[in-house]
Structure formats: structure tokens, C-alpha cells
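Single-letter residue listing:
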Amino acid sequence: MPYLALTLAMFLWSSAFIVLKYVFQFYHPLAVLFARMLIACLCLLPLAMSGRIRWRYRRGDWRWLLAMGLAEPCLYFLFEANALTHTSASQAGVVTATLPMLMAVGASLFLGERQPRQVWLGIALSFAGVIWLSLDSRAGPGAPDPLLGNALEFCAMVCACGYVLIAKRLSTRYSPLAITGIQALAGSVWFGLAMLTPWGHWPERWFLAPSLWVLYLGAVITLGAYGLYTWAVSRIPVARAGAFNNLIPVFTVLLAWLLLDERFEAWQALAGVLVFAGVWLSQRRTR
């Protein structure tokens, strides 16, 4: 079940790249992110009032909770939103392949997780497939400055790595819904305050389809994908869960080809097979 949850979470996150690329054409990025976090909070409110969100606060946890919320969603989404204004959805998805490496190193340094050799080999194999996917990174109508956009997306991956490591540390005392709720609340406050600055722009017009997709981002992606991922990370080692992030470029390239009319060629399909093979190898049980 954790592996199924991770695969579904990766697919949902991949669709978020496509949706964000679309809705940013109609609404300012800060407004979209604020609405996304607020919608997730409203969805969690009935569960919180019914007592279904469980946690055991320990003295000093506020530091870790604050750091987790600052890493993701606050800084993560700030970097990612700006990245998608400079690069294509498929290229941004490809950069996420750096996350498994960051998570494996971080888990070894901060959580004391020792990774079998085949986990490192599987991550390296899938990373090679992602590098192959990224060979066609050049400027175009949907990617005016891919180098800057991809650099910003990498900064987002560093923030995501920090979030996963802290969430793993807190998962013994806080349920996945509690961690997701703390994220949504922190994001609502962060982006709500940002909307009051000169950089925030409230929508002057409302569009039905983009508004429905913003609802999807808040209710399905922020609540569903993060909930699934946090639950899965609490049950398997961080490095094994991180290997699944290499599925994001494959799903993103496929969705961008289907929905955004971005190019998809046969060699990209072969690179996708290499990514899947690496993820499979990293999850095989050793004797």
C-alpha cells in the first residue's frame, strides 16, 4: 500500500505542473498559491473539528514544525511558481529527479538510514534516465529562460528534501493529516501576508475553468498528494520513498504532451522506461 500511495502521489504532483502552467495564464501566482492553501485548510477543518486529526506535541516541536512549514509549502511553492514562469512544465518535472539523491544523502546524514547498494544503483539508473529526458532543454514560447527556471526548481527540491526529512522525524507523533494540515495553515498565513504586499495582485476577473483547477490544486493535490506521501514516508525508509520522485518527470512529460501539446518523441519513451527500471531496482528486497 505505501508503494501504491507513492505512485498515485507522484501522478498527482505531475499533474500539478500542468495545472499551474495553465492557471498562471489567468491568475497571479501568489493569488493561486494563497487560494490553494486556503482551500486545503477548509477541507481539513471538518476533520479537525471532529477530532480525527491526531498528534502528540512534545516540548520544542514548534521549531521543527515552523521549519517544516517554511521549507514546504512556503519557500518551495515560491521557488516553483517562479520556476514555471521561466521554464516548461516538462523541464521543471525533469529537475525533480535531483530530489531522490538529495533525500538519500540527507537520510544518511540526519536520520542514520543506511542504504543498500542496490538502492543507490537504482537511484543512479533512474537519474540517468531523467538526464536523458532533459537533453532537449532549450528556450521556446513556454520556456523563455529555462536555465533560470530550472535553477529555481532545483532550489524548490532542496526545500522539499528538508520537508521530507523533518516530516519523517515528526511522523511518530503526528499523523499524516496533522502534518498536511500544519503545512496548509502555514501556507495560508505565508501567502495571505504576501498578497498584502506590493507583489500580490488580487484577480480582477474570475474564470470558471481556471477556478475549478485551483480548487483541484487545493483539495486534491495539496490535501491528497501530500497526505498520501506523508503516510507512505512514515512507513518505509526515506531513500526508498525518494526513488519514486523520479516518476514525476515521466508522468509530467506524458501529461505535457497530451494536454499542453509539448513535444514527446520515441527516445523520451525509452528514457521513461529507464526511469521505471531504476525505481523498480531501488525497491527490490535484498536477502
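Our subject is the structure that appears above.
Engineer: Explanation requested: the nonpolar core in the structure shown.
Structural biologist: Across soluble globular proteins, you tend to see nonpolar side chains buried next to one another. Grouped together as the largest cluster of nonpolar side chains are 70 residues, with contacts concentrated most on Met10 and Tyr229. Ranked by the residues each element gives to this core, the list is headed by helix H1 (residues 2–23), at 12 residues. When sequence neighbours within four positions are dropped, the list of residues in contact with Tyr229 reads Leu6, Ala9, Met10, Trp13, Met103, Val164, Ala241, Gly242 and Asn245.

Engineer: Would you take a moment to explain the environment of Val214 for this structure?
Structural biologist: Looking at the element boundaries, Val214 is found in helix H9 (residues 208–233). Here the alpha-carbon distance between Val214 and Ala31, two residues 183 residues apart in the chain, equals 10.0 Å. Residues in contact with Val214, not counting those within four places in the same chain, are Val23, Tyr27, Val32, Ala35, Arg36 and Ile39.

Engineer: Which parts of the structure should I look at to understand the packing of aromatic side chains?
Structural biologist: For any pair of aromatic rings, geometry is given as the distance between the ring centres together with the angle between the planes. Within this structure, the stated rule accounts for 13 aromatic pairs. Aromatic pair Phe26 and Phe207: ring centres 5.2 Å apart, planes at 55 degrees, arrangement tilted. Of this pair, Phe26 sits in the loop between H1 and helix H2 (29–49) while Phe207 is found in the loop between helix H8 (176–194) and H9, placing the two residues 181 residues apart along the sequence. Of the aromatic side chains, those joined through ring pairs into one cluster are Trp13, Tyr76, Phe77, Tyr163, Tyr226 and Tyr229.

Engineer: Just to check I follow, could you spell out empty space enclosed by the protein for this structure?
Structural biologist: Any empty space left between atoms is shown by rolling a water-sized probe over those atoms. Scanning all chains against the criterion turns up 2 cavities of 30 Å³ or more. Counted as a void, the largest cavity has a volume near 190 Å³. Along its surface, the largest cavity is lined by 18 residues, and Trp13, Glu72, Tyr76, Tyr226 and Ile248 are the ones closest to its centre. Counting only elements with at least two residues in the lining of the largest cavity, the list comes to H1, helix H3 (61–83), helix H7 (146–170) and H9. Per-class residue counts for the lining of the largest cavity are 13 nonpolar, 2 polar and 3 charged. Taken as a whole, the second largest cavity encloses approximately 40 Å³ of empty space. In terms of lining, the second largest cavity is formed by Met37, Pro73, Phe77, Thr180, Gln183, Ala184, Thr222 and Tyr226. Looking at the lining of the second largest cavity, the elements that each hand over two or more residues are H3, H8 and H9.

Engineer: I'm lost on H2 in this one. Help?
Structural biologist: Owing to its 3.6 residues per turn, the α-helix aligns residues three or four sequence positions apart on the same side. Over its 21 residues, H2 runs 31 Å from end to end, which matches the ideal 30 Å to within 8%, given 1.5 Å per residue. At Cys43, H2 shows its maximal kink, close to 30 degrees; a proline, Pro46, follows between one and four residues later. Along H2, the residues classified as buried are Pro29, Leu30, Ala31, Val32, Leu33, Phe34, Arg36, Met37, Ile39, Ala40, Cys41 and Leu44. Elements in contact with the buried residues of H2: H1, H3, H8 and H9. Gly51 sits one or two positions beyond H2 and adopts a positive phi of about 80 degrees.

Each value, and the rule that gives it
Residues numbered from 1 in each chain as written. Predicted model: local features only at pLDDT ≥ 70, side-chain atom pairs only at ≥ 80, totals over all residues. Heavy atoms only, no water. Core = buried A, V, L, I, M, F, W, Y, C linked by side-chain atoms within 4.5 Å. Buried < 20%, exposed > 50% of the residue type's maximum accessible area, 1.4 Å probe, protein only. Helix = DSSP H or I, 4+ residues; strand = E, 2+ residues; numbered from the N terminus. Contact = heavy atoms within 4.5 Å. Phe/Tyr/Trp six-rings, centres within 6.5 Å; stacked < 30°, edge-to-face > 60°. 1 Å grid on protein atoms, 1.4 Å probe; cavity = no way out; pocket = protein on both sides within 12 Å on 5 of 7 lines; lining within 4 Å. Points joined across faces, edges and corners; volume = space filled by probe spheres on them. Nonpolar A, V, L, I, M, F, W, Y, C, P; charged D, E, K, R; others polar. Expected span 1.5 Å × (residues − 1). Bend = angle between axes of the 7 residues up to and from the residue.

Without other data, these values stay purely geometric and don't point to any function.
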